[in-house]
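Understanding the architecture of this molecule
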Amino acid sequence: MGDLETDHLLDLAMRLFADLGYDGTSTRLIADAAGIPVERVVELAGDKPQLYQAVVARTLEAEQRAVDEALGVFVPTRQGVIDLFDAMLDFYSAHPRFLTLWMHRWMGDAADVSGQEAYIRRLTRQLADAIREVVQPDVDAGHLVWTITWCTFGFLTSGNQPSAPEADPGYRTPHDPQTLTGFRSYLHALITHLTRPPAGATAL
């Protein structure tokens, strides 16, 4: 029962940390959402920093699995780079709260809880090392990874503005299939311009 209760608690904490930020989420709020006393939260997952670290660890593990799976079938070609970042777009589109958790972090949230940045740098290096031989000579592989990351995060989190649909009747969320397809095409064009053409092909 403890494991199931802990998993449920971590799921709730993830939603709250992602929606409100670490600094905007209290242990009491998490306990109330779970319907248990604060003392039980601490018993299951520790204090607030420990709970946050557990949530982040689960997020990082899921991201690492997704990267490992994508790299496991990666082919060092332009199409391979497109397929690699297609897989990452699909992953983050399916896990939008992972994005908002990191967006809060980038804006200074949970500044007193450290240790996650080294992991993110390592994951970024994995992707950069994989695509390095495919990018154009004047393109830095690490910067390309971050460019695609920033574009993807910005696109997928732009739907978290409740007023947008009312302000623009034609507004579509990033998860609208047509909108997502359009953004995917843009990423493909970006990657095409910044990577080497297949052998024998004419460069753009």
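Check the entry above for the structure.
Quick summary incoming for the structure in this document. (Residues numbered from 1 in each chain as written. Predicted model: local features only at pLDDT ≥ 70, side-chain atom pairs only at ≥ 80, totals over all residues. Heavy atoms only, no water.)

Looking now at the overall build of the protein chain. Per the secondary structure count, the protein chain includes 10 helices and 0 strands. Sequence-ordered secondary structure for the protein chain, helices as α and strands as β, is α-α-α-α-α-α-α-α-α-α. Taken along the three principal axes of its C-alpha coordinates, the protein chain extends 65 × 40 × 30 Å. Within the protein chain, the fraction of its 204 residues that count as buried is 45%. (Helix = DSSP H or I, 4+ residues; strand = E, 2+ residues; numbered from the N terminus. Buried < 20%, exposed > 50% of the residue type's maximum accessible area, 1.4 Å probe, protein only.)

What follows covers the pattern of salt bridges. A side chain of one charge can pair with a side chain of the opposite charge if their charged atoms are brought near each other. The tally for this structure, following the rule as stated, stands at 9 salt bridges. Here glutamate 43 ties to arginine 40 by a salt bridge, and the two come within 2.7 Å at their closest N and O atoms. Remark: arginine 40 and glutamate 43 occur in helix H3 (residues 38-45); sequence separation between them is 3 residues, near one turn of the helix. According to the relative accessible area criterion, glutamate 43 is exposed, its value standing at 59%. Assessed through its relative accessible area of 23%, arginine 40 is described here as partly exposed. The network of salt bridges with common partners includes Glu5, Arg40 and Glu43. (Salt bridge = Lys/Arg side-chain N within 4 Å of Asp/Glu carboxyl O.)

This part takes up unusual backbone geometry. One non-glycine residue, alanine 110, lies in the positive phi region at around 55 degrees. Within the fold, alanine 110 resides in the loop between helix H6 (96-106) and helix H7 (116-131).

Here we come to the layout of surface pockets. One way to see where empty space is left: roll a probe the size of a water molecule over the atoms. Its volume calculated, the largest pocket comes out at about 230 Å³. In terms of lining, the largest pocket is formed by Leu10, Asp11, Met14, Arg15, Val55, Arg58, Thr59, Ala94, His95, Pro96, Arg97 and Phe98. Contributing elements (two or more residues each) for the lining of the largest pocket: helix H1 (2-20), helix H4 (48-72) and H6. Across the lining of the largest pocket, the residue classes break down as 6 nonpolar, 2 polar and 4 charged. (1 Å grid on protein atoms, 1.4 Å probe; cavity = no way out; pocket = protein on both sides within 12 Å on 5 of 7 lines; lining within 4 Å. Points joined across faces, edges and corners; volume = space filled by probe spheres on them. Nonpolar A, V, L, I, M, F, W, Y, C, P; charged D, E, K, R; others polar.)

Next up on the list: the packing of H7 against helix H8 (residues 141-157). Contact geometry for H7 and H8: axes closest at 8 Å, N-to-C directions at 115 degrees. Relative to H8, the element H7 is oriented roughly perpendicular. Pair H7 / H8 crosses with right-handed handedness. Every residue of H8 that contacts H7 at Ile120, Thr124, Leu127, Ala128 and Ile131 is listed here: Ala141, Gly142, Leu144, Val145 and Trp146. For the contact of H7 with H8, the class distribution of residues is 8 nonpolar, 2 polar and no charged. (Axes fitted to C-alpha atoms, helices over the stretch in contact; angles between N-to-C directions. Parallel < 35°, antiparallel > 145°, perpendicular 65-115°, else oblique. Left-handed = near helix turned anticlockwise from the far one by under 90°. Contact = heavy atoms within 4.5 Å.)

The next point concerns empty space enclosed by the protein. On inspection of all chains with the given rule, the structure shows 1 cavity of 30 Å³ or more. For the lining of the largest cavity, the secondary structure elements donating two or more residues are H4, helix H5 (78-94), H6, H7 and H8. In terms of residue class, the lining of the largest cavity is built from 14 nonpolar, 3 polar and 1 charged.

Time to look at H7. In a regular helix each residue adds 1.5 Å, so 16 residues correspond to 22 Å; H7 covers 24 Å between its end C-alpha atoms and thus fits that length. For H7, the complete set of buried residues consists of Gln116, Tyr119, Ile120, Leu123, Thr124, Leu127, Ala128, Ala130 and Ile131. (Expected span 1.5 Å × (residues − 1).)

The packing of two helices is summarised by the inter-axis angle and the distance between the axes. The geometry of H8 relative to helix H10 (residues 177-194) is characterised by a closest axis approach of 12 Å and an angle of 165 degrees between their N-to-C directions. The pairing of H8 with H10 is recorded here as roughly antiparallel in orientation. Crossing handedness for the pair H8 and H10: right-handed. Contact residues: H8 offers Leu144, Thr147, Ile148, Cys151, Thr152, Phe155 and Leu156, while H10 offers Thr179, Leu180, Phe183, Leu187, Leu190, Ile191 and Leu194.

No statement about biological role is implied by the geometric values presented.
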